[in-house]
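# Remarks on the overall topology
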Amino acid sequence: MSTLTAVRLPSARLALSVLAVVTFLAVAGGTVAPHDPLLQDPDLALRGPSLIHPFGTDYLGRDVFSRLLAGTGTTVVAALESVGVGLALGVLPGLASLWLGRTVEWVLLRAVDAVMTLPFIVFAIAVTGILGNGLSQAMVAIGVLFAPLFFRVTRAAGLSLTRAHYVEAAELFGASRWRILRTHVWGKVVPTVAVTAAQATGGALLAVSSLTFLGIGVQPPAPTWGGVLASELGFLSQQPWAPVIPAALIMVAVAALNALADAIRPGGAA
Amino acid sequence: MTTLLSRPAPVAVAKPDPAPPKRRSRRWIGTLATPVVVFVFSSLLTFGLGALSPSNPAAAVLGETATPADIARMNHEFGLDRPLPVQYVDWLFSALRGDLGRSYFTTIPVADSIFAALPVDLALAGLAILLAVLIGGAAGIGAALRQGGRLDRTVTAVASALGTLPPFVLGIGLIIIFSVLLKALPAGGYVPLENGLGQWLRFAILPALALSLDIAASIARQLRTSLVGQLGENYVTGAVVRGLGTRRVLFGHALRNAIGPALTVLGIGVPMILGGAVVTEKIFNLPGLAQLALQASGQHDVPLIQGTLLVTVTVVLICNTLVNIAVLRLTPQGKR
């Protein structure tokens with residue numbers, strides 16, 4: 001199934017509309033928010049939903065709806081940042097491992113094995129502990145750990161191509177290695193990498209929310225989805241329903257990315 | 001943690017490189033030697049991270065009033081005035097002897113702090129892996145046997161939903177159900193295993209369950225897919241025709257061939273369980289390695305951070321090697 005026909009699937013359309021809304025909020029979130037996401041009002045702390053505060057208020061009396069809208073940008077940018085780092089560190093070495101000879105291949109494979117032994121959160125904590133507690137540092141750490149995934153996927157997609165007849169033919173015609181990669185291999189590898197990138201973005205969203213839950217990366221009072229969720233979880237006894245909203249937001253975004261990944265997967269939904 | 005992190009892309013797992021068939025002895029050597037090489041790579045990474053640190057530990061510990069002479073003396077004391085390669089080799093060989101240096105702040109040996117916390121994580125991760133195998137295995141086998149049925153659809157739906165949930169939500173959900181509503185189990189805290197299995201289990205079961213469900217979902221998915229494939233093979237039909245019972249066909253034949261991908265997922269799952277433990281320890285207030293790492297991270301305590309990272313990597317490598325050995329021993333492909 002080609003990428004274009006896949007988009008006509010109902011699930012893919014739904015996923016794309018969800019992602020379009022999330023993108024809009026990421027760009028415009030702060031400006032469409034009905035209240036100042038940082039404005040505290042102790043008299044209004046922990047109120048239920050009302051017309052003025054559709055999702056209620058948090059423990060400092062801040063409007064939860066506005067905080068979620070304003071936090072979308074930070075959350076999405078952070079997730080994309082880590083996926084970008086993973087793509088940059090994974091795709092090219094993945095191709096290099098196939099075309100630059102055995103020594104390069106061996107070193108890259110062992111390096112990938114080594115990175116794969118690092119647990120995401122522990123590594124992100126270590127990196128922010130040593131390089132400074134910022135969201136960028138944390139997401140670069142997560143991105144480094146995404147690299148093996150992109151490396152392996154690119155390598156798996158490219159492996160069959162190294163022995164494809166048309167690649168051999170191009171080599172015999174004297175095409176340069178660079179030209180072969182650009183014209184014959186790249187287009188075949190991109191769809192697989194795109195699927196993985198969509199899934200990885202979902203994973204990154206979850207990683208961001210875990211890190212903000214632990215207080216890593218984001219300095220309060222700046223709002224993020226995970227931060228809103230974490231702060232609501234602290235007041236479960238007063239407002240047991242409150243964490244459901246940010247949790248549902250994260251779930252819907254991740255599920256949309258997964259559905260999109262399934263729809264554009266080469267060969268149809270797996 | 002649960003994420004991609006917890007959801008390895010099927011493409012990456014399902015297609016191992018078509019390596020030329022090796023003899024068994026060579027494969028065993030590879031299984032046992034690769035971890036050593038990988039350990040060296042990981043230790044370089046861990047050490048390099050510390051070397052990248054922008055803060056001068058001596059300046060940070062001694063504070064604003066330190067004179068340059070004080071800082072130089074302290075750098076010399078910690079061996080930080082030597083060339084980096086010398087520091088690396090020295091650090092690695094000390095680490096192999098169990099000496100991970102001393103904390104910059106408390107000057108307590110890093111190894112002591114780590115080995116006080118590690119049993120908590122090992123016990124918890126062990127229980128989580130056991131639960132993941134039991135739950136994931138039962139769900140995957142059940143779904144494959146009743147392919148297309150209600151159980152199959154439920155397992156698939158629950159497994160997909162689990163993958164979209166931030167890991168800490170699961171832990172908190174369990175606390176709400178079992179501690180707040182049912183009042184059956186404590187919401188947090190820890191009792192060491194030495195105080196008795198029952199006592200330990202009361203505190204460990206919820207965090208272990210929270211950690212395991214995500215891996216269990218991956219195992220169930222992989223096992224279902226590969227088992228459905230195997231059950232459609234001719235040798236299974238043949239075994240049924242020969243009059244072998246369902247149990248014999250399933251456990252004696254089909255499962256052995258189908259278990260490879262699920263074991264691989266389990267291998268990938270070990271770092272996920274140890275990583276997820278950070279969040280779980282925070283929620284359930286457990287005195288484990290993750291609390292230590294968080295505290296070290298907050299203080300920029302480089303030796304302690306490096307120590308936790310290196311020990312975690314070592315545990316992951318040992319577990320991965322055990323999984324690889326299991327693949328070689330259990331699957332018919334590995335025995336050839």
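Residues numbered from 1 in each chain as written. Chains lettered and ligands numbered in written order. Predicted model: local features only at pLDDT ≥ 70, side-chain atom pairs only at ≥ 80, totals over all residues. Heavy atoms only, no water.

Under an unreviewed UniProt entry, the name given to chain B is ABC transporter permease, and the organism recorded is Dactylosporangium siamense. Taken directly from UniProt, the Sequence similarities (unreviewed entry) text for chain B runs: "Belongs to the binding-protein-dependent transport system permease family." Here chain B is described in UniProt, under the heading Subcellular location (unreviewed entry), as follows: "Cell membrane". (UniProt positions renumbered as here; feature names shortened; annotations may be inferred.)

As recorded in an unreviewed UniProt entry, chain A goes by the name Peptide ABC transporter permease, listed as coming from Dactylosporangium siamense. As its UniProt record puts it under Sequence similarities (unreviewed entry), chain A is described as follows: "Belongs to the binding-protein-dependent transport system permease family." In its Subcellular location (unreviewed entry) section, the UniProt record describing chain A reads: "Cell membrane".

Summing up its helical and strand segments, chain B has 14 helices and zero strands in all. The order of α-helices and β-strands along chain B, N terminus first, is α-α-α-α-α-α-α-α-α-α-α-α-α-α. Put simply, chain B has 336 residues, and 48% of those count as buried. In chain B, 74% of the contacts between residues at least 6 apart in sequence involve partners at least 24 apart. By element, 65% of the accessible surface of chain B is carried by carbon and sulfur atoms, the whole surface being about 16200 Å². (Helix = DSSP H or I, 4+ residues; strand = E, 2+ residues; numbered from the N terminus. Buried < 20%, exposed > 50% of the residue type's maximum accessible area, 1.4 Å probe, protein only. Contact = heavy atoms within 4.5 Å. Areas by Shrake-Rupley, 256 points an atom, 1.4 Å probe, with all protein chains shown as cover.)

On a plain count of helices and strands, chain A comes out with ten helices and zero strands. Helices and strands in chain A line up, N terminus first, as α-α-α-α-α-α-α-α-α-α. Seen along its three principal axes, the alpha-carbon backbone of chain A occupies a region of about 80 × 45 × 30 Å. Residues counted as buried form 52% of the 270 residues belonging to chain A. Pairs at least 24 residues apart make up 72% of the contacts formed inside chain A by residues separated by at least 6 positions. Surface accessibility of chain A: about 11500 Å² in total, with carbon and sulfur atoms responsible for 68%. Each charge class in chain A can be summarised by its mean position, and for the 15 positive and 12 negative side chains these summaries are 16 Å apart. (Lys, Arg positive; Asp, Glu negative; His and termini not counted. Charge placed at Lys NZ, Arg CZ, Asp CG, Glu CD.)

With that settled, consider the UniProt feature "transmembrane region" (unreviewed entry) in chain A. Feature annotation in UniProt assigns "transmembrane region" (unreviewed entry) to the following positions: residues 76-100, 107-128, 134-153, 189-216 and 241-261 of chain A. Counted over residues 134-153 of chain A, helix gives 95% and strand 0%. Its end C-alpha atoms are 29 Å apart.

Let us look at the pattern of salt bridges. All names here are of chain A. One pass over the full model with this rule turns up three salt bridges over all chains. Two residues, arginine 110 and aspartate 113, come together in a salt bridge whose shortest N-O distance is 3.3 Å. In this pair, arginine 110 and aspartate 113 both sit in helix H4 (residues 102-116), three residues apart, roughly one turn of the helix. (Salt bridge = Lys/Arg side-chain N within 4 Å of Asp/Glu carboxyl O.)

For the structure on display, the rule yields four cavities of 30 Å³ or more. In this structure, the second largest cavity encloses a volume near 80 Å³. Along its surface, the second largest cavity is lined by Val122 of chain A together with Asp121, Leu274, Ala277, Val278, Glu281, Leu289, Ala290, Ala293, Thr308 and Thr312 of chain B. When contributions to the lining of the second largest cavity are tallied by element, the ones reaching two or more residues are helix H11 (246-284), helix H12 (289-299) and helix H13 (302-330) of chain B. The greatest single-element share of the lining of the second largest cavity, amounting to four residues, is contributed by H11 of chain B. The residue makeup of the lining of the second largest cavity, split by class, is seven nonpolar, two polar and two charged. (1 Å grid on protein atoms, 1.4 Å probe; cavity = no way out; pocket = protein on both sides within 12 Å on 5 of 7 lines; lining within 4 Å. Points joined across faces, edges and corners; volume = space filled by probe spheres on them. Nonpolar A, V, L, I, M, F, W, Y, C, P; charged D, E, K, R; others polar.)

Taken together, the contact pairs 52 residues of chain B with 51 residues of chain A. For the pair chain B and chain A, the number of links is zero salt bridges. On the surface where chain B and chain A come into contact, there are two residue pairs in polar contact (both at pLDDT 80 or more). Among the secondary structure elements, those contributing two or more residues to the side of chain B that touches chain A are helix H1 (10-14), helix H2 (24-51), helix H7 (150-163), helix H8 (167-181), H11, H12 and H13 of chain B. For the side of chain B that touches chain A, the class distribution of residues is 36 nonpolar, 13 polar and three charged. (Polar contact = N/O pair within 3.5 Å; in protein donor to acceptor, adjacent residues only side chain to side chain.)

Residues and elements named next belong to chain B. The final tally for this structure, using the stated rule, is four aromatic pairs over all chains. A ring pair is formed by phenylalanine 47 and tryptophan 91, whose centres lie 5.6 Å apart and whose planes are at 45 degrees; its orientation type is tilted. Of the two residues, phenylalanine 47 is situated in helix H2 and tryptophan 91 in helix H5 (residues 84-96); the sequence distance between them amounts to 44 residues. The exposure classification of phenylalanine 47 matches that of tryptophan 91, with both residues buried. Judged by centre distance (6.3 Å) and plane angle (35 degrees), the rings of tyrosine 88 and tryptophan 91 are tilted. Note that tyrosine 88 and tryptophan 91 are positioned in helix H5 at a spacing of three residues, about one turn of the helix. (Phe/Tyr/Trp six-rings, centres within 6.5 Å; stacked < 30°, edge-to-face > 60°.)

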